[in-house]
Amino acid sequence: ARISMKIFITGGHVTPAIAVIEEIQKKFPDWEMVFVGRKYAMEGEREVSAEHRLISDLGIRFLSLNTGRSTSVISLLKIPFGLVQALWYVLKEKPAIIVSFGGYIAFPVVIAGWILGVPSLTHEQTRIAGGANLWIAKIAKKEGVPVIADGGIKSSGDMVKALAAGASTVMMGGFFASAKEAP
């Protein structure tokens, strides 16, 4: 018998999120995925975001989250609202796990999961982790979740930075293979 589960997927890096969604859909068609993200491309505008269009096109339910980031005082004041909204979503939907793809939009969702005891995985594919993922990594480490750095490690200096930022493991295949992508 197949086990059904609900997964929250969140974050601003939609391309790797779509790759994971498609793989899960192939291997575990009974699993329900819900994407928590920003509906509009920019604050105050009505242009629908790329992630909303792309995720909706895949048939994945999309929950719009209104939160802020550290770009201005007004935006910062929206972060608590985003946390309350994320807490509501996690309480109502009861996901088994949260898979984060970084960015300010993921921060309140991962924090809500942490408060409510829902484990999170975070994927950071860029060379330098953003502020939200640095905070998420600290929470993961406190909970005993390994933090793995696997984004653009090109030098021993990058390895040191990843470890200093909180990674417990650094993937170095590309570094040792002297290639952009290790086989």
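For the structure itself, look to the data block above.
Here goes a summary of the coordinates provided. Bear in mind the structure is a predicted one, so any value in this text is a computation, not a measurement.

Pairing is parallel in the open sheet, where five strands are placed in the order β3-β2-β1-β4-β5. Looking at the sheet topology across the chains shown, the edges are occupied by β3 (61-64) and β5 (120-122). The average angle at which neighbouring strand axes cross in this sheet is 25 degrees, direction not considered. Of the pairings in the sheet, the one linking strand β4 (residues 97-100) to β5 comprises three bridges and is parallel in character. Counted as the bridge partner of Ser100 is Thr122 from β5. Helix α4 (residues 79-93) contacts β1 (6-10), β2 (32-37), β3 and β4 of the sheet and is inclined by roughly 145 degrees relative to β3. Sitting on the sheet, helix α5 (residues 106-116) is in contact with β1, β2, β4 and β5, with an inclination near 155 degrees to β4.

Right, let's get into the pairing of β2. Counted residue by residue, β2 has five buried out of six residues, so it is predominantly covered. Bridging between β1 and β2 involves five bridges; their strand directions are parallel. From the neighbouring strand, Phe8 faces β2, where its bridge partner is Val34. Assessed by its sense of winding, the connection that carries the chain from β1 through helix α1 (residues 14-27) to β2 is right-handed. Where β2 meets β3, four bridges bridge the pair, whose relative direction is parallel.

Following the criterion strictly, the structure yields seven salt bridges and no others. Notably, a salt bridge pairs Arg38 with Glu51, separated by 2.7 Å at the nearest N-O pair. Separated by 13 residues along the polypeptide, Arg38 in the loop between β2 and α2 (50-57) and Glu51 in helix α2 bring together distant segments of the chain. By relative accessible area, which is 3% here, Glu51 ends up buried. Through salt bridges with shared partners, a single network forms among Lys6, Glu32, Arg61 and Glu93.

Cut-offs and rules
- Residues numbered from 1 in each chain as written.
- Predicted model: local features only at pLDDT ≥ 70, side-chain atom pairs only at ≥ 80, totals over all residues.
- Heavy atoms only, no water.
- Pairing = 2+ DSSP bridges.
- Helix = DSSP H or I, 4+ residues; strand = E, 2+ residues; numbered from the N terminus.
- Axes fitted to C-alpha atoms, helices over the stretch in contact; angles between N-to-C directions.
- Contact = heavy atoms within 4.5 Å.
- Buried < 20%, exposed > 50% of the residue type's maximum accessible area, 1.4 Å probe, protein only.
- Right-handed = clockwise from strand over helix to strand, strands pointing away.
- Salt bridge = Lys/Arg side-chain N within 4 Å of Asp/Glu carboxyl O.

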